[in-house]
Amino acid sequence: MVALHLAAPPSASFICRPFSASRLLPCASRVLLPSPIHRRSTTIVAMNWLGRIGLGSPRASAASAEASSAIAQGADDDIPGPGKQFAQFGAGCFWGVELAFQRVSGVTATEVGYTQGTTHNPTYNDICSGMTNHSEVVRVQYDPKECTYDTLLDVFWARHDPTTLNRQGNDVGTQYRSGIYYYTPGQEKAARESMERQQKILNRNIVTEILPAKKFYRAEEYHQQYLAKGGRFGFKQSVEKGCNDPIRCYG
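Since the structure is predicted, the reported quantities are computational estimates derived from the model, not experimental observations. (Residues numbered from 1 in each chain as written. Predicted model: local features only at pLDDT ≥ 70, side-chain atom pairs only at ≥ 80, totals over all residues. Heavy atoms only, no water.)

Undergrad: I tried to follow helix 4 (residues 94-102) on my own but got confused; where do I start?
TA: An α-helical turn contains 3.6 residues, so any two residues separated by three or four positions project in the same direction. In terms of burial, helix 4 is a largely internal element, nine of the nine residues being buried. All buried positions along helix 4 are accounted for by F94, W95, G96, V97, E98, L99, A100, F101 and Q102. Looking at the buried residues of helix 4, the elements they touch are strand 1 (85-91), strand 2 (107-115), strand 3 (135-142) and helix 6 (149-159). (Buried < 20%, exposed > 50% of the residue type's maximum accessible area, 1.4 Å probe, protein only. Helix = DSSP H or I, 4+ residues; strand = E, 2+ residues; numbered from the N terminus. Contact = heavy atoms within 4.5 Å.)

Undergrad: Teacher, can you tell me more about the environment of G231 here?
TA: Relative to the helices and strands, G231 is located in the segment after strand 8 (217-218). The exposure class assigned to G231 is partly exposed, which follows from its relative accessible area of 22%. Sequence separation between G231 and R248 is 17 residues; the distance between their C-alpha atoms is 9.0 Å.

Undergrad: I keep staring at the pairing of strand 3 and nothing clicks. Help me out?
TA: Successive residues of a regular strand alternate their side chains across the two faces of the sheet. Within strand 3, eight of the eight residues are buried, which leaves it mostly tucked inside the rest of the structure. Looking at chain direction, strand 1 and strand 3 are connected through five bridges and run antiparallel. By the bridge assignment, F89 is partnered in strand 3 with V138. Where strand 2 and strand 3 come together, eight bridges link them in antiparallel fashion. (Pairing = 2+ DSSP bridges.)

This is the structure:
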């Protein structure tokens, strides 16, 4: 594999992101590697791309996949705002799930994205292929003085059917699986106790996975606050705290 090293200012921090064949030259001109961490990330992207077009060796492709998976399976090391905490939930298509959490008092920010997969920097098309094992999730930032984790769990259970494996309604695929991804032992304990309570009132087995939060990849910008911005049909839906309007899943 040919590595491209171009000069960059000491303060520069660039990472070449996945690109298509039609964008090869423009992207290659941005492969600036001022640090070992950035060099590793860029190398993974480049090796993955070469493998996809048949130019990478099997050994190199295997090494690239292993390195990519190691990054994707790492912990979510992003830091919430001062005095705030993170929570992560997967409950089917993340558009409607995000709006439900946006309406909760004490929730200060929400993001939709991908996690629990094996590919570094996945795109929406990647996760829809079913080959990366990512889950569509909402990462919630909340103020524990105004909103308890148990409150978020109640919203999670109410928003979806936790008894259908890799499916919510007409949406089918591993990316739509039910999951609670915890950041602390306290969140794990609360999640498991909450699931036990839910199981007692349901007549089918819950298939929700409860796992440590892993690296969070923010989804493409058009997915963010999708329904609040108008969704598919351009009709904005309220994010007012406490709003009980029915959520139209696609806008």
